[in-house]
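# Examining the three-dimensional arrangement
Residues per chain, in single letters:
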Amino acid sequence: MDDLKDLNSLGFTLPSPAYIVGAILFGIIGFAAYRYGKKLSLTYTKWIGVALMLYPYVISETWMLYLVGGLLCAALYIFRD
C-alpha cells in the first residue's frame, strides 16, 4: 500500500475500470478494422484501425477516450467501402 501512496505523491494514478474497458474495446475494434482493411486493401480502414489501437496510449481522460473512439468508429463507418 505504501507503493501506491508513493506513486500518487509523484502524480501517477491508476486508470479507472471504465477507461480500461474502453481501451480494450476500441483496441479490439481497431484490430478487426486493421485486419479487414488489410485483407481488402482499404487504406482508410486500415489506418483508422491503427489509430483505434494506438490512441489510448496518448489520451488519459476517460471522457476523451470515449469521444475520440466514437469519432474514429464513425469515421470507420463512413469509410467502410
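Quick note: structure is the one above.
Let me begin by describing the structure that accompanies this report. This is a predicted model, so every value here is computed, not measured. Position labels on residues start from 1 in each chain and follow its written sequence. Owing to the predicted nature of the model, reporting of local features is limited to residues with pLDDT of at least 70; listing and counting of side-chain atom pairs is limited to 80 or more, with chain, interface and lining totals taken over all residues. The basis for every side-chain value is the complete set of non-hydrogen atoms in the structure, without hydrogens or water.

### Looking at the nonpolar core
Worth spelling out the cut-off: Nonpolar cores are built from buried Ala, Val, Leu, Ile, Met, Phe, Trp, Tyr and Cys residues. Side-chain atoms within 4.5 Å join them into one set. Relative accessibility under 20% of the residue-type maximum defines a buried residue, over 50% an exposed one, and the middle range a partly exposed one, all with a 1.4 Å probe and only protein chains included. Secondary structure elements follow DSSP: runs of H or I of four or more residues count as helices, runs of E of two or more count as strands, with numbering from the N terminus. Only heavy atoms matter for contacts: two residues are in contact if any of them lie within 4.5 Å across the pair.
Within the largest apolar cluster, 11 residues are counted, these being Tyr19, Phe26, Ala33, Ile48, Leu52, Tyr55, Ile59, Leu65, Leu72, Ala75 and Leu76. Counting residues per element, the ones that place at least two in this core are α2 (17-39), α3 (43-54) and α4 (62-78). Counting residues per element, this core draws most heavily on α4, which supplies 4 residues. Residue contacts for tyrosine 19: discarding those within four places in its chain leaves Pro56, Ile59, Ser60, Glu61, Thr62 and Leu65.

### Re the packing of α2 against α3
Rule in force here: Angles shown run from 0 to 180 degrees and are taken between the N-to-C directions of axes, each axis being a line fitted to C-alpha atoms and, for helices, limited to the stretch in contact. Roughly parallel refers to an angle under 35 degrees, roughly antiparallel to one over 145, roughly perpendicular to one between 65 and 115, and oblique to any angle outside these ranges. Crossings are classed by handedness, with left-handed meaning an anticlockwise turn of the near helix from the far one by less than a right angle and right-handed meaning a clockwise turn. Nonpolar residues are Ala, Val, Leu, Ile, Met, Phe, Trp, Tyr, Cys and Pro. Charged residues are Asp, Glu, Lys and Arg, and all others, Gly as well, are polar.
Where α2 contacts α3, the two axes come as close as 7 Å, and the packing angle between them is 160°. The angle between α2 and α3 falls in the class roughly antiparallel. Our pair here, α2 against α3, has a crossing hand that is left-handed. Each of Phe26, Gly27, Ile29, Gly30, Phe31, Ala33, Tyr34, Tyr36, Gly37 and Lys38 in α2 lies in contact with α3, whose residues at this interface are Thr45, Lys46, Gly49, Val50, Leu52 and Met53. Split into classes, the residues belonging to the contact of α2 with α3 amount to 9 nonpolar, 5 polar and 2 charged.

### Focus: α2
How we decide: Here the expected length of a helix is defined as 1.5 Å per residue gap, with one fewer gap than residues.
Over its 23 residues, α2 runs 33 Å from end to end, which matches the ideal 33 Å to within 8%, given 1.5 Å per residue. Among all positions in α2, only Tyr19, Gly22, Phe26, Gly27, Gly30, Ala33 and Gly37 are buried. Packing partners of the buried residues in α2 comprise α3 and α4.

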